[in-house]
Amino acid sequence: MYLNPWRQETLDSRVCRQGSVVQSCLPTGKCCTVVFADRNRYRCQKTTLLLTHQIVRSMPLRSPGTTVGVVGGGQLGRMLGEAASPLGIELVVSDPTPECPASAVVRDQIVGDFDDEATLLELAERADLLTYEIELADPDVLEAVSEETGTPVHPAPETLRIIQDKLVQKERLQEAGIPVPEFRAVETVEELDAALSEFGYPAMLKAREGGYDGRGNILIEDESEVAKAFDAIEGPAMLEAFVEYDRELAVIGCKGDGEIDTFPVTETIHEAEILRETVSPARTSDAVIERATTVAEEILDEMTGRGVYGIELFETADGEILLNEIAPRPHNSGHWTIEGCHTSQFEQHLRAVTGLALGTTERREPTAAANILGDVDERQQATLYGVEDVLATDTVSLHWYGKREVYALRKMGHLTTVGETPETALSLINEVSEWLTFET
Ligand code: AIR
């Protein structure tokens, strides 16, 4: 049967009940299989080009093409820039660091703080729409600038506002029925003590705002660490019960113009709160993969605004899925999609925010990626050694972010490889990562 789920009002409620599978024609002339969760929630499974299709004239390509203004010009902005060019999309980024990583691959950089109104006004005036690649972007300024210039922002500033505050994020999602670990707001050391006596040790203390790449998360292992951890957070915090997980998983979810989709579930390997490696498919059961995908879809339903979302999950010993955190932007756990999927998370984000049809999220092959992190003690000029051997290894791809300075655990680049199995891909990427160092 062919129908059009993008126009929900034309749907017969018998057709879109839970579990029904139908064929659908997308506005772009593509054909896909749609699986319904219920009347309002569905997922596209396979997208294939129809042999005969109507030419859709509403979204032509011309040059210069759509200009996307991106708040933030770090590695995520740089990889967005790399994905933009084949789509005929131009990027302008704003970032406080002159010659930020993205500046080498985008049309222009405006130098200014993430929350500086004049900077964002200029960005909005030069762009057809705005997006952001860092949660330090300010939702109030984005909203004000959008109103003044008429430039839309994706995902919606309201979504950023909710996600930015980890406590509000968890409260909203818990209310929506998403499974989350136990958590409490803590504003004083007494409140922290009380929450710890409820949850027990270890427990995770998180800054409510501003933390990323492991900053702002402190594991409290026993009583002697409480006061020091509270002081280190410097501001409003929340305590989360420690989850005894078997595995950490991540899903990149995408919300396009009337369609949602998810990339294949990825296993993530962290050390000291920082992502080290990813491997996809995740080495877990089909039932867990299905559950993780369903939770990700339910989370996407709660989000307002187009774009990709990084969704970090825990898989508990009894196969339950709990939400760890969401980011309203491309995510480190999805870098593998550049080589590993037909559409990368960066291309997908650009397709979503500009209102183009989403690309297929299908994986090409088992894929592993490893971050290249600063392995030096002192902040210094960044020079990476061992690159020749890595480049001489078949199937290994290098992504260098172009950061001028390196410091301990800073994300400086990443490596990706495909392999016959997740294990072979992961073991090759682990071996090759060992060859790289910033130390002289
Ligand atoms: N980023 C944003 N949130 C989390 C991460 N990792 C990326 C963005 C941002 C860059 O990290 O691309 O611009 C900042 O990296 P750094 O090393 O300068 O802190």
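Everything quoted here is computed from the prediction, not taken from an experiment.

### Things to note about helix H8 (residues 286-302)
The end-to-end C-alpha distance of H8 is 25 Å, a good match for the 24 Å that 17 residues give at a rise of 1.5 Å each. Within H8, burial applies to Val 288, Arg 291, Ala 292, Val 295, Ala 296, Ile 299 and Leu 300. Where H8 is buried, its residues contact helix H5 (166-175), strand E13 (245-255), strand E14 (260-262), strand E17 (307-316) and strand E18 (321-327).

### Let's talk about the sheet that holds strand E11 (residues 217-220)
The 4 strands are arranged E9-E12-E10-E11 in an open sheet whose pairing can be described as antiparallel. Where the open sheet ends on each side, the last strands, each with one partner, are strand E9 (183-186) and E11. Neighbour-to-neighbour, the strand axes of the sheet open up by a mean angle of 25°, direction not taken into account. Relative to strand E12 (residues 237-241), E9 is paired through 4 bridges, and the arrangement is antiparallel. Across the sheet, residue Ala 185 finds its bridge partner in E12, namely Met 238. Running at roughly 10° to E12, helix H6 (residues 189-199) makes contact with E9, strand E10 (203-207), E11 and E12 of the sheet.

### Details of the pairing of strand E5 (residues 67-71)
Where burial is concerned, most of E5 is hidden: 4 out of the 5 residues are buried. For the handedness criterion, the β-α-β arrangement of E5, helix H1 (residues 75-84) and strand E6 (residues 90-95) is classed as right-handed. Here E5 runs beside strand E8 (residues 129-132); their pairing, made up of 4 bridges, is parallel. Counterpart to Val 70 in the pairing with E8 is Thr 131.

### A short note on the environment of Glu 423
Looking at where Glu 423 falls in the secondary structure, it is placed in helix H12 (residues 422-433). Taking the C-beta count within 10 Å as the criterion, Glu 423 has 13 such neighbours and is therefore assigned partly exposed. Through-space distance from the C-alpha of Glu 423 to that of Pro 366 is 8.8 Å; in sequence the pair is 57 residues apart.

### Digging into the confidence of the model for the protein chain
Per-chain confidence: the protein chain averages 91 in pLDDT, with 88% of residues scoring 70 or above. Across residues 1-14, where pLDDT falls below 50, the model places 21 contacts with residues more than four positions away in sequence or in other chains.

Here is what the cut-offs are and how they apply
Residues numbered from 1 in each chain as written. Predicted model: local features only at pLDDT ≥ 70, side-chain atom pairs only at ≥ 80, totals over all residues. Helix = DSSP H or I, 4+ residues; strand = E, 2+ residues; numbered from the N terminus. Expected span 1.5 Å × (residues − 1). Buried ≥ 20, exposed ≤ 12 C-beta atoms within 10 Å, placed from the backbone. Contact = placed C-beta atoms within 7 Å. Pairing = 2+ DSSP bridges. Axes fitted to C-alpha atoms, helices over the stretch in contact; angles between N-to-C directions. Right-handed = clockwise from strand over helix to strand, strands pointing away. pLDDT = per-residue confidence, 0-100.

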